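# Structural overview for review
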Amino acid sequence: QVQLVESGGGLVQAGGSLRLSCAASGRTLSSYAMGWFRQAPGKEREFVAAITRSGASTYYAESGKGRFIISRDNGKNTVYLQMNDLKLEDTAIYYCAATGKLLAAIQPEYDYWGQGTQVTDA
């Protein structure tokens, strides 16, 4: 079992950047592919990005392509989401999640979830 804790959220202005972190404890993070999801006010939670166990492959939702970068440091048991050129519609609670799949973009395939970190447009 793995426990996930997100951090790095906050107030941002349009066009700004923010880096979210997801720290894992329990089992080593390298045992899991990881994903980021977000839930905006009044909307369903949606997929943002995913990365394989080694970090060799990544996958992005259209909303973040060219602006967001998912990465991981297995030595630090941490996954990151670098968000650039932020837009009003990026305001949401961002969650990281872990899956035993090779790579996944849908929520039912994720086994463990963090509590989320809030990103708010200033």
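So, a few notes on the structure that sits alongside this text. (Residues numbered from 1 in each chain as written. Predicted model: local features only at pLDDT ≥ 70, side-chain atom pairs only at ≥ 80, totals over all residues. Heavy atoms only, no water.)

## A look at the overall build of the protein
For clarity, the cut-off: Secondary structure is summarised from DSSP: a helix means a run of H or I of at least four residues, a strand means a run of E of at least two, and numbering begins at the N terminus for each. Our radius of gyration is a C-alpha quantity, and the globule rule it is checked against amounts to 2.2 Å times the number of residues to the power 0.38. To sort residues, take the accessible area from a 1.4 Å probe on protein chains only and compare it with the maximum for the residue type: under 20% means buried, over 50% means exposed, and anything in between is partly exposed. Every residue pair with non-hydrogen atoms within 4.5 Å of one another is taken to be in contact. Accessible surface area values rest on a Shrake-Rupley calculation with a 1.4 Å probe, where residue burial reflects the displayed protein chains alone. Asp and Glu count as negative and Lys and Arg as positive, but His and the ends of the chain are not part of the count. Every charge is mapped onto a representative atom, which is NZ of Lys, CZ of Arg, CG of Asp or CD of Glu.
The helix and strand tally for the protein stands at zero helices and eleven strands. The globule rule puts the C-alpha radius of gyration for 122 residues at 14 Å, and the 13 Å found for the protein is close to it. Counting only C-alpha atoms and orienting by the principal axes, one finds that the protein spans roughly 35 × 25 × 25 Å. For the protein, the proportion of its 122 residues judged to be buried stands at 43%. Considering only contacts within the protein whose residues lie at least 6 apart along the sequence, 57% involve residues at least 24 apart. Roughly 6100 Å² of accessible area belongs to the protein as shown, and the carbon and sulfur atoms make up 48% of that amount. Distance between charge centroids for the protein: 6 Å, based on 12 positive and 11 negative side chains.

## Thoughts on the environment of Tyr80
Checked against the element boundaries, Tyr80 lands in strand β8 (residues 78-83). For Tyr80, a relative accessible area of 11% puts it in the buried group. Between the C-alpha atom of Tyr80 and that of Ala23, which follows or precedes it by 57 residues, the distance is 8.9 Å. Once residues within four sequence positions are removed from consideration, Tyr80 is found in contact with Arg19, Leu20, Ser21, Trp36, Ile69, Ile70, Ser71, Arg72 and Asp73.

## As for unusual backbone geometry
We note that Asn77 has phi near 55°; this positive angle belongs to a residue other than glycine. Within the secondary structure, Asn77 sits in the loop between β7 (68-73) and β8. The phi dihedral of Asp85 falls on the positive side, at around 50°, and the residue is not glycine. As for its position among the elements, Asp85 is in the loop between β8 and β9 (92-99). Using a relative accessible area of 38% as the deciding quantity, one classes Asp85 as partly exposed.

## Points about the packing of aromatic side chains
Under the convention used in this document: For Phe, Tyr and Trp, rings pair up if their centres lie within 6.5 Å, where Trp contributes its six-membered ring, and each pair is then called stacked (planes under 30 degrees apart), edge-to-face (over 60) or tilted (otherwise). In our convention, an over-ring charge means Lys NZ or Arg CZ found within 6 Å of a ring centre and within 35 degrees of that ring's normal.
All chains considered together, the criterion is met by six aromatic pairs. Their ring planes at 55° and their centres at 4.9 Å tell us that Phe37 and Trp113 sit as a pair that is tilted. Highlighted residues: Phe37 in strand β4 (residues 33-39) and Trp113 in strand β10 (residues 112-113), separated in sequence by 76 residues. Relative accessible area serves as the criterion here: at 25%, Trp113 is assigned to the partly exposed category. In this structure an aromatic cluster arises from ring pairing among Phe37, Phe47, Tyr59, Tyr110 and Trp113. Its end group placed over the ring of Tyr95, Arg45 keeps NZ or CZ at 4.8 Å from the ring centre.

## Concerning a nonpolar patch on the surface
We apply this condition: In this scheme, patches are assembled from residues that exceed 30% relative accessible area and form no salt bridge. Like charges are connected within 9 Å, while nonpolar side chains (Val, Leu, Ile, Met, Phe, Trp, Tyr) are connected within 5 Å. Salt bridges are defined as contacts in which a side-chain nitrogen from Lys or Arg sits within 4 Å of a carboxyl oxygen from Asp or Glu.
Together, Tyr59, Leu102 and Leu103 make up a nonpolar patch on the protein surface, roughly 320 Å² of accessible area in all. By the element assignment, Leu103 lies in the loop between β9 and β10. What makes Leu103 partly exposed here is its relative accessible area of 32%.

The values are spatial; any link to function lies outside them.
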